[in-house]
Amino acid sequence: QPAGGVFEEVTEWREKVKWPDLKSIDWKSDLEGFKRDENKALYMRFSNGIFERLHAFEDFEQAMVDLITEPEECRALFERLADYKIELFNCLRDVFPLDYIVAADDYGTARGPFFSTELFEETLLEPTRRFVKAVQARGTKFIAHSCGKVDAFIPYLVDDIGVDGLEIQDINDIPAIMEKYGDRVLVELKADPYIVHDDEVDAEKMLAHVRDLVDR
């Protein structure tokens, strides 16, 4: 993936971003040796989300500036990225019966979002919704991954975009999210690695940790 230096500011994306010809790839070549275990869900991760691609093309500070000063250009790039991701997903879905995908797009730091909800509405909301709906139209569930404290975006992800699940960190108020949206969305809650991978933790403490996760 690019790590900056593709363009200096977002207004240059049309001339400087080179889009691969996805139709020229032999996607069926990976079928050799592939065997589906019907007892397990089949999934894959879609990293480098629509917003993340912006700060992969240029540096992060410039991406933040562009969101504020060039929201229309950012929106145009995000729409094109959504088209690309939809085409990429369909190429894979034509070959592999994916039950769900986990698509990453980090929206925040440990303290709060990178950008306002108003900027999200103006630039990212509709391209992200199109991507999610295209995945779901193929019978595949969409799990949205987002690092950081992103509580502010949960109403958009659930109500407006309609994701099937959330992979978020527990710095977010997951109990409150489950209370409000638990009938409509799955929220992944990870076990504490310092407990589950500690050989000295006995069965009683392990079971108590699991019960605490379920209760919360």
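See above for the structure.
The following refers to the structure shown. All values derive from a computational prediction rather than experimental measurement.

**Looking at the packing of aromatic side chains**
Here a ring pair, both rings aromatic, is described through the centre-centre distance and the interplanar angle of the planes. Within this structure, the stated rule accounts for 17 aromatic pairs. Ring centres 5.3 Å apart and planes at 65° place the aromatic pair Y107 and F153 in the edge-to-face group. Highlighted residues: Y107 in the loop between strand 2 (100–104) and helix 5 (117–137) and F153 in the loop between strand 3 (141–146) and helix 6 (154–161), separated in sequence by 46 residues. On the basis of relative accessibility, which here comes to 0%, the residue F153 falls in the buried class. Members of the aromatic cluster, each reached through a chain of ring pairs, are F51, F60, Y107, F114, F115, F120, F153 and Y156. Here the guanidinium or amino end of R80 rests over the ring plane of W19, the centre of that ring lying 4.1 Å away.

**Let's talk about unusual backbone geometry**
Even without a glycine there, the phi angle at N48 is positive, about 55°. Residue position: N48 is located in the loop between strand 1 (43–46) and helix 2 (50–57). By relative accessible area, N48 is classed as partly exposed at 23%.

**Focus: a nonpolar patch on the surface**
On the surface, L207, V210 and V214 cluster together to form a nonpolar patch covering roughly 270 Å² of accessible area. Positionally, L207 belongs in helix 9 (residues 203–215).

Cut-offs and rules
Residues numbered from 1 in each chain as written. Predicted model: local features only at pLDDT ≥ 70, side-chain atom pairs only at ≥ 80, totals over all residues. Heavy atoms only, no water. Phe/Tyr/Trp six-rings, centres within 6.5 Å; stacked < 30°, edge-to-face > 60°. Helix = DSSP H or I, 4+ residues; strand = E, 2+ residues; numbered from the N terminus. Buried < 20%, exposed > 50% of the residue type's maximum accessible area, 1.4 Å probe, protein only. Lys NZ or Arg CZ within 6 Å of the ring centre and 35° of its normal. Patch = residues over 30% accessible without salt bridge, like charges linked within 9 Å, V, L, I, M, F, W, Y side chains within 5 Å. Areas by Shrake-Rupley, 256 points an atom, 1.4 Å probe, with all protein chains shown as cover. Salt bridge = Lys/Arg side-chain N within 4 Å of Asp/Glu carboxyl O.

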